[in-house]
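# Fold and geometry: a report
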Amino acid sequence: MIRKFLTSLLLVVGLAGCNLPGIPDEGPTSAPSDDAQITGQASEATDTGTSTPNAIVPVPVSSIQIEGVPYLAYQIPGDPFRFVCQEPCPLDLDYIYAEYAGFRLAHAMLIQLTGIDTLAELQPVDMHIVLQDSICGERPWGHAYVYSDAHQAYTCTEGPGYYPTLEEMIQKAAQPEEQYFPLHEYMHTIFFGRISGKAGDFQDYYAEFLHDFVNPVPSFAIGIMDPAGFCSYRNENPPRGDYPGWLISELCQQNGFQLEDVARSLIELDLLYQSGGGQVYVEGYEHPSPTVAQYRDILNQLLGSDTTNAFAEACWPPELFGDSFSSPASCPSNETTGTATPIK
């Protein structure tokens with residue numbers, strides 16, 4: 001999964017951050033990417049190290065190098081992420097502390113819902129908070145990725161979004177419910193290495209973004225969408241996901257999928273990865289990555305029914321499942337989506 005996407009593909013992914021659930025239209029849009037973990041063992045949800053609500057405290061800082069460029073790294077010991085800002089850092093220190101506090105709380109909420117965190121081998125996840133820095137500047141929109149020269153995940157976002165004054169930015173940054181965009185990008189890193197869009201000679205990177213989950217789940221985690229409405233979520237504004245369907249809704253209606261099944265299924269996906277049971281070797285990772293079809297099999301086992309039709313109705317490419325079904329007529333052709341591109 002250490003690879004370089006084409007810039008045009010990343011632009012499409014960046015645009016996919018628009019019209020996200022529970023988020024007002026104002027402020028910058030954010031975008032997604034893929035992969036993740038918690039401790040490297042059988043991952044369990046944890047809130048260890050979370051601060052009290054809205055507690056803004058100084059965060060230890062150190063000087064580091066990222067691809068030969070000096071950065072400041074802010075990290076509370078034990079946290080699986082750190083905030084990084086290229087020197088000289090243009091951001092107000094109180095804002096950095098507030099954003100760290102707000103994200104730290106939101107992160108704990110997300111991991112409680114997903115059951116797993118980013119793979120330990122990819123931690124700490126670097127949270128770049130200036131889109132014009134040496135890493136994010138070539139693609140100055142929200143995204144997540146893995147460094148080209150290090151086996152470590154990173155994200156690019158600008159915190160809670162645009163607000164007219166510094167005081168308001170600091171106030172908003174400290175609130176976990178304002179952390180949708182950073183949380184959205186971070187959730188992508190949870191899937192890094194744990195799922196592959198490769199099936200034989202067929203490769204579809206969109207399958208690894210898993211926007212069907214990454215778009216709505218952070219909103220449910222931080223309370224800007226009511227968890228009771230999880231199965232009724234069918235955002236009519238594109239993008240609904242990486243494919244033009246509603247996977248969560250289909251899984252709910254056809255197979256009884258519920259919000260708690262997100263964690264149940266992802267924990268099993270992590271166990272499959274940790275056991276070496278994945279089927280796709282990805283350079284740099286400790287174990288092979290599971291395929292989409294293997295994740296489908298996990299859902300089948302947990303839900304007690306075949307979820308293949310849910311993926312079909314959500315317009316996922318049949319090639320990912322061994323061509324075991326034909327796409328419904330309502331789905332557009334996936335011919336331009338899937339490519340037999342080797343992972344780099």
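What this report covers is the structure whose coordinates are included nearby.

Analysis parameters
- Residues numbered from 1 in each chain as written.
- Predicted model: local features only at pLDDT ≥ 70, side-chain atom pairs only at ≥ 80, totals over all residues.
- Heavy atoms only, no water.
- Buried < 20%, exposed > 50% of the residue type's maximum accessible area, 1.4 Å probe, protein only.
- Helix = DSSP H or I, 4+ residues; strand = E, 2+ residues; numbered from the N terminus.
- Pairing = 2+ DSSP bridges.
- Right-handed = clockwise from strand over helix to strand, strands pointing away.
- Contact = heavy atoms within 4.5 Å.
- Phe/Tyr/Trp six-rings, centres within 6.5 Å; stacked < 30°, edge-to-face > 60°.
- Lys NZ or Arg CZ within 6 Å of the ring centre and 35° of its normal.
- Core = buried A, V, L, I, M, F, W, Y, C linked by side-chain atoms within 4.5 Å.
- Axes fitted to C-alpha atoms, helices over the stretch in contact; angles between N-to-C directions.
- Salt bridge = Lys/Arg side-chain N within 4 Å of Asp/Glu carboxyl O.

Here strand β4 (residues 125-128) shows no split at all, with Val125 and Met127 on one side and Asp126 and His128 on the other all buried. Taken together, the four bridges between strand β3 (residues 81-86) and β4 define a ladder with parallel strand orientation. The partner of Phe83 across the bridge, within β4, is Met127. Remark: the β3/helix α2 (residues 93-114)/β4 crossover connection has left-handed handedness. One ladder, built from three bridges, connects β4 with strand β6 (residues 153-156); its direction is parallel.

With respect to the helices and strands, the residue Cys331 is situated in the segment after α11 (308-313). On the accessibility criterion, Cys331 (10% relative accessible area) is buried. Taking the C-alpha atoms as reference points, Cys331 and Ala314, 17 residues apart in sequence, are found 8.1 Å from one another. When near neighbours in sequence (up to four residues on either side) are disregarded, Cys331 contacts Ala312, Glu313 and Cys315.

Okay, the packing of aromatic side chains next. Taken as a whole, this structure holds 19 aromatic pairs when the rule is applied. Ring centres 5.3 Å apart and planes at 45 degrees place the aromatic pair Phe81 and Tyr100 in the tilted group. Highlighted residues: Phe81 in strand β3 and Tyr100 in helix α2, separated in sequence by 19 residues. Ring geometry for Phe83 and Tyr100: centres 5.0 Å apart, planes at 50 degrees, overall tilted. In this pair, Phe83 is assigned in strand β3 and Tyr100 in helix α2, connecting sequence segments 17 residues apart. You'll find Phe83 and Tyr100 in the same group, each marked buried. Among the aromatic residues, those joined into a cluster by ring pairs are Phe81, Phe83, Tyr100, Phe103 and Tyr186. Here the basic side chain of Arg139 rests over the ring of Tyr145, its NZ or CZ set 5.9 Å away from the ring centre. Between the NZ or CZ atom of Arg234 and the centre of the ring of Trp246, over which it lies, the distance is 3.9 Å.

Here the focus is the side chain of Gln203. With respect to the helices and strands, Gln203 occurs in strand β8 (residues 202-203). The exposure class of Gln203 is buried, given its relative accessible area of 0%.

Next up on the list: unusual backbone geometry. Look at the link from Glu87 to Pro88: it is a cis peptide, with omega at -5 degrees. Considering the arrangement of structural elements, one finds Pro88 in the loop between β3 and α2. The step from Gln123 to Pro124 runs through a cis peptide bond, and the omega angle for that step is -5 degrees. Residue placement: Pro124 occurs in the loop between α2 and β4. Of note, the phi angle at Glu67 is positive, near 50 degrees, even though the residue is not glycine.

The nonpolar side chains of soluble globular proteins are, as a tendency, buried together. Residues Phe257 and Trp316 are the most contacted members of the largest nonpolar core, which totals 76 residues. The biggest single contributor to this core is α2, with eight residues. If sequence neighbours within four positions are ignored, Phe257 has contacts with Phe213, Phe230, Cys231, Leu251, Cys252, Val262, Leu299 and Leu303. Judged by nonpolar contacts, the second largest core, of 13 residues, contains Cys136, Tyr145, Tyr147 and Cys156.

If you trace the six strands from one edge of the open sheet to the other, you get β1-β2-β3-β4-β6-β5, paired in mixed fashion. Looking at strand neighbours, the two that pair on one side only are β1 (61-66) and β5 (143-146), the edges of this open sheet. On average, each strand axis in the sheet is inclined to that of its neighbour by 30 degrees, with strand direction left out of account. Of the strand pairs in this sheet, β1 and strand β2 (residues 69-74) are connected by six bridges, and their pairing is antiparallel. Looking across to β2, one finds that Ser63 is bridged to Leu72. Contacting β2, β3 and β4, α2 crosses the sheet at an angle of about 155 degrees to β3. Packed onto the sheet, helix α4 (residues 180-189) meets β3, β4, β5 and β6 and runs at close to 155 degrees relative to β6.

We now examine the pattern of salt bridges. Overall, the coordinates contain seven salt bridges when judged by the stated rule. The shortest N-O distance in the salt bridge between Arg104 and Asp79 comes to 2.7 Å. Taken together, the residues Arg104 in helix α2 and Asp79 in the loop between β2 and β3 connect sequence positions 25 residues apart. For Asp79, a relative accessible area of 8% corresponds to the buried category. Of the charged contacts in the structure, one is a salt bridge between Lys172 and Glu178, with a shortest N-O distance of 4.0 Å. Judged by its relative accessible area of 21%, Lys172 falls in the partly exposed class.

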